[in-house]
Amino acid sequence: MKSLFVFAATAAMTVASGAFAADAVEEIPTAPVAVETASVFTWSGPYVGVHGGYSWGEGEASAGGFSLSDDFDGGRFGGFVGYNWQFANGFVAGVEGDVNYDWNENSLGGGFEAETGFSGSVRGRVGFAFDRALIYAAGGWTATNVSLDGPVSDDDTLHGWTIGGGLDYAFTDNVFGRVEYRYNDYSDGNLAGFDTDFDQHIVNVGMAVKF
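The numbering scheme is per chain: residues are counted from 1 as the chain's sequence reads. In view of the model being predicted, local features appear only for residues whose pLDDT reaches at least 70, and side-chain atom pairs are presented and counted only at 80 or more, with totals across whole chains, interfaces and linings using the full set of residues. With hydrogens and water set aside, each side-chain value is computed from the structure's full complement of heavy atoms.

- Identification of the protein as Porin family protein from Rhizobium deserti is taken from an unreviewed UniProt entry.
- UniProt positions are given in the numbering used here, feature names are shortened, and annotations may be inferred rather than shown by experiment. Of the comments in the UniProt record for the protein, the one headed Subcellular location (unreviewed entry) reads "Cell outer membrane".

Encoded structure:
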């Protein structure tokens, strides 16, 4: 009888231990699953870049009823720096400055040669971002140096306004490309007693780094 009791107690403990072990295995917590969140691209922040392109200019000089005019077309190269602020609805606002050199030189007749050299601008920008594509318009102040060589030589800095627009596209989170059009009106100036006027159409292609 005593042996039967011991056997029954042992069997009960074995079953209970097995059940407890099974419960313990079932209650082992599973490791949390890592959830990757894709980073959201933003145009906000500073940037710096270089661009090159071509310009189509038209210059005119007049004095005492005598007038000279011609086209001043040529290549250009420069750099730009700016800052953007992007808002939740995709609207982007910014400010940008640039410095360039234009190889625009031509003859005005009468032994006169005229050319433009260094130019620059400060522009406000507004646009709308479609993820990595930014369509924008920009406008502001611009200036260029104009020189006249011939029987009389002189140079002047012409100040005016600029307006245009373009497309920026981000190839990576930090590098974007650009294509843009600008119209520059440098207003009136004076070279060696000649009243001068110069305007310019520009196409730029550029590359920039965003920080």
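### A closer look at the environment of Y101
- Position of Y101 among the secondary structure elements: in strand 3 (residues 91–109).
- Here's how the labels work: a residue is buried when its accessible area is under 20% of the maximum for its type, exposed when over 50%, partly exposed in between, all with a 1.4 Å probe on protein chains only. Of the residues examined, Y101 reaches a relative accessible area of 27% and is grouped as partly exposed.
- In this structure, the C-alpha to C-alpha distance between Y101 and G78, residues 23 residues apart in sequence, is 6.2 Å. In DSSP terms, a helix is any run of H or I states spanning at least four residues, a strand is any run of E spanning at least two, and both are numbered starting from the N terminus.

### Focus on unusual backbone geometry
- The residue S187 is not glycine, and still its phi comes out positive at about 60 degrees.
- Take S187: it is sitting in strand 7 (residues 175–191).
- The phi angle at A192 is positive, at roughly 50 degrees, despite the residue not being glycine.
- Of note, A192 is situated in the loop between strand 7 and strand 8 (194–210).

### Quick notes on the environment of D154
- Within the secondary structure, D154 sits in strand 6 (residues 154–170).
- Put simply, D154 and L191 are 37 residues apart on the chain and 5.5 Å apart in space, counted from C-alpha to C-alpha.
- Counted as a polar contact is a pair of N or O atoms within 3.5 Å, where, for protein atoms, one must be capable of donating a hydrogen and the other of accepting one, and residues adjacent in sequence contribute only when both atoms are in side chains. From its side chain, D154 meets the backbone nitrogen of A192 in a polar contact 2.8 Å long.

### Some details on the side chain of T144
- Tracing the chain through its elements places T144 in strand 5 (residues 133–149).
- Each residue touching T144, except ones within four places of it in the same chain, is listed here: T116, F118, S119, D156, T157, L158, Y186 and F198. Contacts were defined at the residue level, with two residues in contact if any of their heavy atoms lie within 4.5 Å.

### Regarding the sheet that holds strand 8
- The criterion for strand pairing is that DSSP finds at least two bridges linking the strands in question. Strand order in the closed barrel formed by 8 strands is 1-2-3-4-5-6-7-8, with antiparallel pairing between adjacent strands. Sheet twist, expressed as the average angle between the axes of neighbouring strands with direction ignored, equals 20 degrees.
- When strand 4 (residues 112–130) meets strand 5, the two strands line up antiparallel, connected through 16 bridges. Counterpart to G127 in the pairing with strand 5 is Y136. Orientation is described by axes fitted as lines to C-alpha atoms, over the contacting stretch for helices, and by angles from 0 to 180 degrees between their N-to-C directions.

### What to know about the nonpolar core
- Each nonpolar core is a collection of buried residues, namely Ala, Val, Leu, Ile, Met, Phe, Trp, Tyr and Cys, held together in the definition by side-chain atoms within 4.5 Å. Counting 13 residues, the largest nonpolar core has L108, F112 and L148 as its most contacted members.
- Those elements giving two or more residues to this core turn out to be strand 2 (66–86), strand 4, strand 5, strand 7 and strand 8.
- Those residues in contact with L148 that lie beyond four places of it in its chain are L108, F112, E113, A114, S153, D154, L191, A192 and F194.
- Grouped together as the second largest cluster of nonpolar side chains are 10 residues, F41, W43, Y47 and A129 included.

### Quick notes on the packing of aromatic side chains
- Aromatic pairs are defined between Phe, Tyr and Trp rings, using the six-membered ring for Trp, whenever the two ring centres lie within 6.5 Å; interplanar angles under 30 degrees are classed as stacked, those over 60 as edge-to-face, and all others as tilted. Here the structure, examined in full by the defined rule, presents 14 aromatic pairs.
- Ring pairing ties together the aromatic residues F41, W43, Y47, F80 and F176, which thus form one cluster.
- A cation over an aromatic ring shows up here: R125 above the ring of Y136, its NZ or CZ 4.3 Å from the ring centre.
- Across the ring face of F80, the terminal group of R178 is positioned such that the distance to the ring centre comes to 4.4 Å. Charge-over-ring contacts are defined here by two conditions on Lys NZ or Arg CZ: a distance within 6 Å of the ring centre and an angle within 35 degrees of the ring normal.

### Some remarks on the pattern of salt bridges
- Salt bridges, as used here, are contacts in which a Lys or Arg side-chain nitrogen is within 4 Å of a carboxyl oxygen on Asp or Glu. Scanning all chains against the criterion turns up 10 salt bridges.
- Between E180 and R123 there is a salt bridge, with the nearest N and O atoms lying 3.5 Å from each other. Of this pair, E180 sits in strand 7 while R123 is found in strand 4, placing the two residues 57 residues apart along the sequence. Here E180 and R123 have matching classes, each one buried.
- Of the charged contacts in the structure, one is a salt bridge between R178 and D168, with a shortest N-O distance of 2.9 Å. Of the two residues, R178 is situated in strand 7 and D168 in strand 6; the sequence distance between them amounts to 10 residues.
- Given a relative accessible area of 4%, R178 falls into the buried group.
- Judged by relative accessible area, which is 0%, D168 ranks as buried.
- Taken together, the shared-partner salt bridges in this structure form one network comprising E96, D98, R123, R125, D168, R178, E180 and R182.

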